[in-house]
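Architecture at a glance
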Amino acid sequence: MKRVVLAGGSGFLGHVLARHFVAKGDDVVVLIRRPSAGLVDARGVTWDGHSLGNWWRVLDGADVLINLAGRSVDCRYHARNRRDILDSRVRPTRVLGEAIKRCASPPRVWLNASTATIYKHSFDHPMDEMSGVIEATPEAKDLFSVEVAKTWERVFVEADMPCTRKVAMRMAMVLGHGANSVYPVLRRLVRTGWGGAMAGGKQFVSWIHNADLCRAVDWLIDHDELAGPVNLAAPAPLTNAEMMRLMREAHGALFGLPAARWMLEVGALLLRTETELLIKSRRVVPGRLLASGFDFQFATFDAAVAELAGSFK
Ligand SMILES: NC(=O)c1ccc[n+]([C@@H]2O[C@H](COP(=O)([O-])OP(=O)(O)OC[C@H]3O[C@@H](n4cnc5c(N)ncnc54)[C@H](OP(=O)(O)O)[C@@H]3O)[C@@H](O)[C@H]2O)c1
């Protein structure tokens, strides 16, 4: 039995991973800001995400730390939200580094959330950890997001610790049923007739099924040779048009109205979100996972969506 500490574990991925580790019989501790946050058979320990308190003791003797803390990026990027998006990632990462340094017996491995959005907007060049380009593109409106990702990873790298292996999980969009997962949003669009291509549909979408995310996290924990950035994305990114076609097929939708870029801009304004989440081309592939022998259970989008659509019934 391992002790796994999930920082920022009260959200979508926290629930997915807590359920996964609890089912395996591990001792799961979730660092939460509000004691009321619903937990699945895990112990909750309160922290504030930025200052060192007694909570650091749960890390002493723990096997694994997984940090998922970060305010949702599904919002308008005005000044206050920009500050919150950045601070809510950088400050928990920094204080967790300080906490680990206090431990007599620090966690063997620390997996810190990062994002596949760190890679350049790309239609033709698959981005793996070796040859992927880290750069923003004005057309994709991703200057802010790429800066956040770079700063987040830099703070993680700066946390210097001799006994803890560190992995930055560059996650693509995770498909699952939870609130904050994009799958229920896509499903709703498809079922209401709005499941056509978006902004021309040529942009690539990287994704990973939540079951493979859990399996990849296990893999990262077990493979001591894996440190540094690792892409957590299925090996087959697809275009937005293809993704929406497969969504329509899986959910029996006979048609799907396409949305032009200007329509998305208006919609994003009304829904208080940003079009970058839809228009940026994320062609991210799992170079290091595949090279180390990881096998995806859901390697294609149609297989992933068939499972998710099936488990709704
Ligand atoms: N879901 C995806 O598809 C995906 C893909 C790539 C990367 N990521 C990254 O993975 C992480 C987890 O994603 P998620 O989908 O689980 O997000 P989520 O459902 O929004 O959960 C975010 C978690 O971060 C905590 N948090 C927010 N602001 C915080 C702060 N200032 N200090 C400490 N904790 C704070 C929240 O705690 P409270 O309950 O206290 O607010 C919650 O536990 C995020 O950093 C996200 O950017 C997610």
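Look above for the structure.
If you're wondering where the values come from, they're calculated on a predicted model, not measured in any experiment.

Here the focus is helix H10 (residues 301-310). Inspection of H10 places Phe 301, Ala 304, Val 305, Leu 308 and Ala 309 among the buried residues, and these make up the whole buried set. Take H10 and look down its axis: the buried residues cluster within an arc of 125°, on one side only. Each element contacted by the buried residues of H10 is listed here: strand S7 (173-175), helix H4 (183-191), strand S9 (207-209), helix H5 (210-222), strand S11 (238-239) and helix H6 (240-250).

Taken as a whole and judged by the stated rule, the model has 19 salt bridges. Residue Glu 147 pairs with Lys 150 through a salt bridge whose shortest N-O separation is 3.4 Å. Placement of the pair is Glu 147 and Lys 150 together in helix H3 (residues 143-158), with a separation of 3 residues, close to one helical turn. Its relative accessible area of 38% is what places Glu 147 among the partly exposed residues. Where Arg 261 meets Glu 265, a salt bridge forms, and the shortest distance between an N and an O atom there is 3.5 Å. Of the two residues, Arg 261 and Glu 265 are both situated in helix H7 (residues 261-270); the distance of 4 residues between them amounts to about one turn of the helix.

This part takes up the side chain of Asn 67. For Asn 67, the location among the structural elements is in strand S4 (residues 64-67). A polar side-chain atom of Asn 67 sits 2.8 Å from a polar atom in the side chain of Asn 112. Setting aside anything within four residues of it in sequence, one finds Asn 67 in contact with Ala 7, Pro 92, Thr 93, Leu 96, Trp 110, Leu 111, Asn 112 and Ala 113.

Moving on to unusual backbone geometry. Positioned with a positive phi, Lys 141 is a non-glycine residue whose angle comes to about 55°. Note that Lys 141 resides in the loop between strand S5 (109-115) and H3. Overall, Lys 141 belongs to the partly exposed group, its relative accessible area being 37%. Despite not being glycine, Arg 272 shows a phi value in the positive range, around 55°. Within the secondary structure layout, Arg 272 lies in the loop between H7 and helix H8 (276-279).

On to the packing of helix H1 (residues 12-23) against H5, then. Between H1 and H5, whose axes approach to 10 Å, the crossing angle comes to 65°. Of the two elements, H1 crosses H5, and the hand of that crossing is right-handed. Contacts between H1 and H5 involve Leu 13, Val 16, Leu 17, His 20 and Phe 21 from the first element and Asn 210, Leu 213, Cys 214, Val 217, Asp 218 and Ile 221 from the second.

Moving on: a nonpolar patch on the surface. On the surface, a cluster of nonpolar side chains totalling about 490 Å² of accessible area is made up of Trp 194, Leu 254, Phe 255 and Leu 257. Locating Leu 254 in the fold gives a position in the loop between H6 and H7. Under the relative-accessibility criterion, Leu 254 is labelled exposed at 83%.

Glancing now at the state of the cysteines. Per the counting criterion, the structure on display carries 0 disulfides. As a non-bridged cysteine, Cys 163 has Cys 103 as the owner of its nearest cysteine sulfur, 11 Å distant. Using a relative accessible area of 55% as the deciding quantity, one classes Cys 163 as exposed.

About the cut-offs
Residues numbered from 1 in each chain as written. Predicted model: local features only at pLDDT ≥ 70, side-chain atom pairs only at ≥ 80, totals over all residues. Heavy atoms only, no water. Buried < 20%, exposed > 50% of the residue type's maximum accessible area, 1.4 Å probe, protein only. Helix = DSSP H or I, 4+ residues; strand = E, 2+ residues; numbered from the N terminus. Arc of directions from axis to C-beta. Contact = heavy atoms within 4.5 Å. Salt bridge = Lys/Arg side-chain N within 4 Å of Asp/Glu carboxyl O. Polar contact = N/O pair within 3.5 Å; in protein donor to acceptor, adjacent residues only side chain to side chain. Axes fitted to C-alpha atoms, helices over the stretch in contact; angles between N-to-C directions. Left-handed = near helix turned anticlockwise from the far one by under 90°. Patch = residues over 30% accessible without salt bridge, like charges linked within 9 Å, V, L, I, M, F, W, Y side chains within 5 Å. Areas by Shrake-Rupley, 256 points an atom, 1.4 Å probe, with all protein chains shown as cover. Disulfide = S-S within 2.5 Å.

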